[in-house]
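Breakdown of the fold
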Amino acid sequence: MSSTNHEDLGLDVYDPRFQDAEAAAIYLESIRWPDGPVCPHCGESERKAYKLNVKGTKRRLWKCAACRKQFTVMVGTIFEDSHIPLNKWLLAFYFLCSSKKGMSAHQLHRMLGVTYKSAWFMAHRIRYAMEQPPFASLLTGTVEVDETYVGGKVRRTNKVQHRPLDPRQPDKRKQTGRGSDKVPVVALIERGGEVRSMRMANVTGDNLGGAIRRHVSREAHLRTDSFPSYTLVGREYASHETVNHAVEYVRGDAHTNTAENFFSILKRGINGIYHHVSEAHLPRYLAEFDFRYNTRSANGFTDADRTRLALSMVGGKRLTYNS
Ligand SMILES: [Zn+2]
């Protein structure tokens with residue numbers, strides 16, 4: 001069992017860590033406590049906690065030598081109070097971290113052998129763990145900002161939007177988006193770097209400006225489309241070039257292709273995998289897509305790296321909703 005402890009997870013469902021809660025706990029301990037157990041009650045790590053042997057169970061229960069309280073590796077994490085065995089959690093993490101477009105609760109439910117309701121909550125908790133920390137560093141270099149529209153009901157008029165664009169006409173798809181029942185999503189994306197995507201109820205100059213100032217270094221070079229709401233904030237940046245999608249796609253490096261590629265993955269995921277994403281839950285889904293993008297293979301991450309990173313983020317957050 002310990003031989004697999006430090007090896008990377010791969011898509012081998014017979015890996016003991018996917019099969020056995022104890023093996024899964026040992027693996028999670030190696031990620032959360034690389035230098036030995038840390039008491040979640042008092043934070044003590046100098047005085048060694050010791051493992052208790054609980055008769056009739058392989059549960060890995062620790063007792064703090066300082067505060068004398070007991071704990072497991074799941075205390076203080078998104079797993080706390082969950083009745084789902086940790087090995088199934090690990091498999092769910094692996095699936096959500098290795099599938100480019102995500103995985104639906106229906107598929108998780110079938111693959112994990114848990115109820116649909118449990119699968120839905122598991123996926124939601126995993127997205128919660130994937131959320132960007134609020135102190136994330138500012139984007140810099142060349143930063144593309146773009147908006148798109150996701151979700152909403154499929155209407156018959158949608159067919160119109162699938163017609164090829166007439167380059168001499170304004171982009172009707174975007175006109176349909178602005179002011180339709182679809183939900184606007186804005187992405188700020190550093191070329192070769194990270195993305196921050198967010199729901200924006202009203203795509204106004206004030207809101208766009210606020211998001212850009214909050215996430216992008218003033219030394220960055222902005223690239224946006226020619227939506228006039230970008231004009232004012234653009235003046236505060238090292239440079240601001242725009243591309244008019246109605247008449248051109250690329251003029252030098254004045255393009256938003258990076259953002260459009262991100263949106264294309266996002267939309268294939270949201271529309272193809274997660275058919276009914278409510279506006280209230282959208283930020284969680286965006287966190288999931290941001291996380292996978294920011295740990296993409298082009299940035300040197302393997303599926304196993306991404307999974308281990310997500311697992312390292314399970315602590316220090318407590319959920320307020322019931323499951
Ligand atoms: Zn303690």
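Structure shown above.
Anyway, here's the lowdown on the structure attached to this text.

As a further point, take helix α3 (residues 86-98). Given a rise of 1.5 Å per residue, 13 residues ought to cover 18 Å, and the 18 Å separating the end C-alpha atoms of α3 matches this to within 8%. Burial analysis of α3 places 11 of its 13 residues in the buried class, the great majority of the element. Within the sequence span of α3, burial applies to Leu86, Asn87, Trp89, Leu90, Leu91, Ala92, Phe93, Tyr94, Phe95, Leu96 and Cys97. Elements that come into contact with the buried residues of α3 comprise α1 (16-19), α2 (21-32), α4 (105-112), α5 (116-130), α11 (282-294) and α12 (303-312).

Now for the coordination of the zinc ion. Coordination of the zinc ion by the protein is provided by Cys39 (SG), Cys42 (SG), Cys64 (SG) and Cys67 (SG), with metal-donor distances spanning 2.3 to 2.4 Å. The sequence pattern describing where the donors of the zinc ion fall on their chain is C-x2-C-x21-C-x2-C. Within this pair, whereas cysteine 42 is found in the loop between α2 and β1 (50-52), its partner cysteine 67 is found in the loop between β2 (61-63) and β3 (70-71), the two being separated by 25 residues in sequence.

With that settled, the discussion passes to the nonpolar core. The nonpolar side chains of a soluble globular protein tend to be buried, and buried together. Phe79, Leu86, Trp89, Phe93, Phe262 and Leu266 are the most contacted members of the largest nonpolar core, which totals 65 residues. Sorting the residues of this core by element identifies α2, α3, α4, α5, β5 (183-190), α10 (257-272), α11 and α12 as the ones contributing at least two each. If you tally residues by element for this core, the top one is α3, at 10 residues. Among residues more than four places away in sequence, those in contact with phenylalanine 262 are Ala187, Ile189, Val195, Ser197, Phe289, Asp290 and Tyr293. Among the nonpolar cores identified, the runner-up in size contains 19 residues, and Val186, Met200, Ile212 and Tyr230 belong to it.

Bringing the layout of surface pockets into the picture now. If you add up the space inside the second largest pocket, you get close to 530 Å³. Those elements giving two or more residues to the lining of the second largest pocket turn out to be β6 (195-199), α8 (205-215) and α11. Ranked by residues supplied to the lining of the second largest pocket, first place goes to α11 with 6 residues. For the lining of the second largest pocket, the class distribution of residues is 11 nonpolar, 6 polar and 6 charged.

Calculation rules
- Residues numbered from 1 in each chain as written.
- Predicted model: local features only at pLDDT ≥ 70, side-chain atom pairs only at ≥ 80, totals over all residues.
- Heavy atoms only, no water.
- Helix = DSSP H or I, 4+ residues; strand = E, 2+ residues; numbered from the N terminus.
- Expected span 1.5 Å × (residues − 1).
- Buried < 20%, exposed > 50% of the residue type's maximum accessible area, 1.4 Å probe, protein only.
- Contact = heavy atoms within 4.5 Å.
- Donors = N, O, S within 2.8 Å, 3.2 Å for Na, K, Ca; no water.
- Core = buried A, V, L, I, M, F, W, Y, C linked by side-chain atoms within 4.5 Å.
- 1 Å grid on protein atoms, 1.4 Å probe; cavity = no way out; pocket = protein on both sides within 12 Å on 5 of 7 lines; lining within 4 Å.
- Points joined across faces, edges and corners; volume = space filled by probe spheres on them.
- Nonpolar A, V, L, I, M, F, W, Y, C, P; charged D, E, K, R; others polar.

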